[in-house]
Amino acid sequence: MTEPTIYELSSAGRTGVRFPEPDVPLTHLPQSLMREVLPLPELSEVDVIRHFTHLSSLNYCIDSGLYPLGSCTMKYNPKINEEIARLEGFAYTHPLQPESTIQGNLALMYDLQETLKEIAGFAAVTLQPAAGAQGEFTGVMIIRDYHRSRGDAKRTKILIPDSAHGTNPATSAMSGFEVVPLPSDARGNVDLAKLREVCDDTVAGLMLTNPNTLGLFDENVIEVINIVHQAGGLVYGDGANLNALLGIVRPGDLGIDIMHFNLHKTFSTPHGGGGPGSGPVGVSAHLADFLPTPLVGIVEKATADLPPLYGFIKPPKTIGRVKSFFGQFGMFVRAYTYIRMHGPEGLRKVSEYAVLNANYLLAKMGDVYHLPYKRTCMHEFVVEGCWPDIPEIHALDIAKRLMDYKFHPPTNYFPLIVHEALMIEPTETESKQSLDAFAEAMLAIAKEARETPELLKEAPHDTPIGRLDEVKAAKELVLCCWLPDDK
Ligand SMILES: *Cc1c(COP(=O)(O)O)cnc(C)c1O
C-alpha cells in the first residue's frame, strides 16, 4: 500500500494489535472498505498511548487548575460522583428495560425531583432537558401553552433585562416570541420604571437571571415579579447558576413561576468537554400540568412490607417530550450523590463560600481593575479589563496573558453592558492559596500592562498554539491535522 502522508507518527509496518486467524469462512467485502486500502495510521501500542496522553495534557481542565469562567461555574467535580455513577446497577441499565427492573434508578430520579423541588421551592420538577438552554426552551413552551390554555392569545412578548444570560433572548426568539430588552438601572437592577412602562396584556413573561450576569442580586426582585404578575405575565427564573442561593433563597418562594437548574454547574457534574449537560426545570403548582412527559412518580404507595412502586406518569396538559428517553441519567446519579454528600447544611455552606470567595477576590483586585457597579457581589463579579491611560490594552490581552501564568482566563466580553468585561467566578472549591495566586497574577498583569505591554499583546507564549486570529479561526475552522492539497 502507499505510505499515508496525512499522519505524522505513522510508520509503515508498525502495529499495536495482532488479530487471530479467522475461525469463520472469509467473505467478500467491498474493496474500498478493506483494511489494506484504507489510509490507517500504523502505530505500536506505546505510540498510541503516548500520543493520547500527550493530547490529554494539552487541555486545561478543572483538575489541572483554577478555572474562573464567570457564569459557567467550573467547580471541582468530586470523584465520588464518578464512582457512584459507575455502579453496575446505574451504569448498565438500558432505557428500554421494563420498569419493574429499574426500580432503583426510578427511585433515584424521583428523589432527585423531590430534592430539587425542596432546594428551589417548586411544586414539580422535570429532569428531562439536556442543557440549561433546553430547560429555557421547555419553560418558554410552558409559558406559551399556559396562556393558550386560558384562551389568552395576544401575549407575544417576552421581556429580557440587558443583564440576562445570552441564552434567554435566544430561547425567546427561537420559540417565536418577540424579545423586548429592558435596561438596568444605575445599581445594576432591572429598571422598574421601564418595566412598568412595557408591562401590558401582550407580555407573556419575563426571563430573569438573578443573580444577574453582573453577579448582583436584584434588590427589587419581589417588586419586579409583582409587576409582571399584575400584568398577567409569568416570570421565568434562570437558575443555571444557583451557586449563591443554595439554602439561602428559594426562587419559588420569591414568586418565580418556572426555573431551570444546571446540574452541570451548581451540582458539580462535569461540563464543557467533560460530559453532557442536564437542565431540569421546576414549576409552581399552577404550571405542573404542563411539564414534559414522562415524569417519575409513585404509582403504588409503599405498604408495611413493600417499598413504593415507581413508574412514569404523564402530566395532563403536557407540552410533550423534549428529550428522548428520560434525560441524562448518568448526570442525575452524579448530582444526586453531590446533594446527598453535602446535605442541607453543606449546600448552604457551598453558597456561603462561593460568595465569600468571589468577594475576597474582588477585594484583592478591585482597586486595580475598575468595578462598574460598586456593590457586594454574589458568586461572581465583572470588572473592566482596560484602563483609560493605556487604551491599547484590551480584556482579551489580559485573558491571554493569564494563560502564561497557568490560569484559565475568565469569561470576557460578556456581559455586553460592561466595557471590556472580565467576568470572574472562582467557585467555592478554591482554597485561599489558589485565590491569592490568581489575584497576584491579575495584579502582576495590570503592572505589566503599563511597563511591558508587549508581553500582553504577544501572549500566550508557552501554550501549544499562540494567539489565534479569532475571526479566521471561527470562519475557516481546521479540525484535522492535514490540509487538503490546495492549501
Ligand atoms: C450556562 C448558563 C445558561 C445556559 O446553560 P447551558 O447548559 O450552557 O445551555 C443559561 N443561563 C445562565 C445564567 C448560565 O450560566
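Right above here is the structure, for reference.
No experiment lies behind these values; they were computed from the predicted model shown. (Residues numbered from 1 in each chain as written. Predicted model: local features only at pLDDT ≥ 70, side-chain atom pairs only at ≥ 80, totals over all residues. Heavy atoms only, no water.)

**Notes on the site of the ligand**
Neighbouring the ligand are 14 residues; Ser71, Gly132, Asp238, His264 and Lys265 lie closest to it. In this structure, Asp238 approaches the ligand through a side-chain N or O atom, which is 2.5 Å from a nitrogen atom. His264 is positioned such that a nitrogen or oxygen atom in its side chain is 2.7 Å from an oxygen atom of the ligand. The protein chains hide 84% of the 380 Å² of surface that the ligand would expose on its own. Among the elements that make up the shell around the ligand, the one with the highest residue count is helix 5 (residues 132–149) (3 residues). Along the lines of polarity and charge, the residues of the shell around the ligand split into 3 nonpolar, 8 polar and 3 charged. (Near = heavy atom within 4 Å. Polar contact = N/O pair within 3.5 Å; in protein donor to acceptor, adjacent residues only side chain to side chain. Areas by Shrake-Rupley, 256 points an atom, 1.4 Å probe, with all protein chains shown as cover. Helix = DSSP H or I, 4+ residues; strand = E, 2+ residues; numbered from the N terminus. Nonpolar A, V, L, I, M, F, W, Y, C, P; charged D, E, K, R; others polar.)

**A short note on the pairing of strand 10 (residues 381–384)**
Residue alternation in strand 10 divides its side chains into two sets, Phe381 and Val383 and Val382 and Glu384, and both sets are buried. Pairing geometry for strand 10 and strand 12 (residues 421–424), over 4 bridges, is antiparallel. Its bridge partner lying in strand 12, Val383 is registered against Leu422. (Buried < 20%, exposed > 50% of the residue type's maximum accessible area, 1.4 Å probe, protein only. Pairing = 2+ DSSP bridges.)

**Thoughts on the packing of helix 5 against helix 6 (residues 167–174)**
Running from amino to carboxyl end, helix 5 crosses helix 6 at an angle of 45 degrees, the nearest separation of the two axes being 9 Å. Classified by the interaxial angle, the pair formed by helix 5 and helix 6 is oblique. The hand of the helix 5/helix 6 crossing is right-handed. Between helix 5 and helix 6, the residues in contact are Ala133, Glu136, Phe137 and Val140 and Thr167, Asn168, Thr171 and Met174, respectively. Of the residues that constitute the contact of helix 5 with helix 6, the class distribution is 4 nonpolar, 3 polar and 1 charged. (Axes fitted to C-alpha atoms, helices over the stretch in contact; angles between N-to-C directions. Parallel < 35°, antiparallel > 145°, perpendicular 65-115°, else oblique. Left-handed = near helix turned anticlockwise from the far one by under 90°. Contact = heavy atoms within 4.5 Å.)

**Points about the packing of helix 4 (residues 103–120) against helix 10 (residues 329–365)**
Interhelical geometry of helix 4 versus helix 10 gives an angle of 45 degrees and a closest axis separation of 10 Å. Taken together, helix 4 and helix 10 sit at an angle that is classed as oblique. Read as a crossing pair, helix 4 and helix 10 show a hand that is left-handed. Across the interface between the two elements, Asn105, Leu108, Met109, Asp111, Leu112, Thr115, Leu116 and Ile119 from helix 4 touch Phe329, Phe332, Val333, Tyr336, Ile339, Arg340 and Leu347 from helix 10.

**Quick look at the nonpolar core**
Residues Leu116, Leu159, Leu195, Phe261 and Phe267 are the most contacted members of the largest nonpolar core, which totals 57 residues. Listed by contribution, the elements that provide at least two residues to this core are helix 4, strand 3 (178–182), helix 7 (192–198), strand 4 (203–209), helix 8 (221–230), strand 6 (258–261) and helix 10. No other element matches the 10 residues that helix 10 contributes to this core. Mapping this core onto the domain boundaries places at least three of its residues in each of domain 2 (79–340) and domain 3 (347–473). Setting aside residues up to four positions removed in sequence, Leu116 forms contacts with Gly121, Val125, Leu127, Phe261, Leu263, Phe267, Pro280 and Ile339. If you look at the next biggest cluster of nonpolar residues, it comprises 28 residues, including Cys377, Trp387, Phe438 and Ala449. (Core = buried A, V, L, I, M, F, W, Y, C linked by side-chain atoms within 4.5 Å. Domains from an automatic or database assignment.)

**Digging into the state of the cysteines**
As enumerated under the stated definition, the model contains 0 disulfides in all. Of the cysteine sulfurs around Cys61, a residue in no disulfide, the closest is that of Cys72, at 15 Å. For Cys72, a relative accessible area of 25% puts it in the partly exposed group. (Disulfide = S-S within 2.5 Å.)

**Comments concerning the pairing of strand 4**
Taking burial as the measure, the 7 residues of strand 4 include 7 buried ones, the bulk of the element. Where strand 2 (residues 157–161) lies against strand 4, 3 bridges are found, and the strand directions are parallel. Paired with Lys157 across the strands is Val203, a residue of strand 4. As judged from the 5 bridges shared by strand 4 and strand 5 (residues 234–239), these two strands associate in the parallel manner. In the strand pairing of strand 5, Gly205 is matched with Leu234. For the handedness criterion, the β-α-β arrangement of strand 4, helix 8 and strand 5 is classed as right-handed. (Right-handed = clockwise from strand over helix to strand, strands pointing away.)

**Comments concerning the packing of aromatic side chains**
Under the defined criterion, the tally for this structure stands at 9 aromatic pairs. Relative to Phe329, the ring of Phe90 has its centre 6.0 Å away and its plane inclined at 55 degrees; by these criteria the two rings are tilted. Highlighted residues: Phe90 in helix 3 (residues 88–91) and Phe329 in helix 10, separated in sequence by 239 residues. Both residues of the pair, Phe90 and Phe329, count as buried. Consider the rings of Tyr110 and Tyr310, whose centres lie 5.4 Å apart with planes at 50 degrees: the pair is tilted. Note that Tyr110 is positioned in helix 4 and Tyr310 in strand 9 (residues 309–313), a separation of 200 residues in sequence. By the ring-pair criterion, three or more aromatic residues cluster together here, those being Phe90, Phe329 and Phe332. (Phe/Tyr/Trp six-rings, centres within 6.5 Å; stacked < 30°, edge-to-face > 60°.)

**Description of the environment of Gly252**
Examined against the element boundaries, Gly252 turns out to sit in helix 9 (residues 251–254). Residues Gly252 and Val283 lie 31 residues apart in sequence; the distance between their C-alpha atoms is 7.9 Å.

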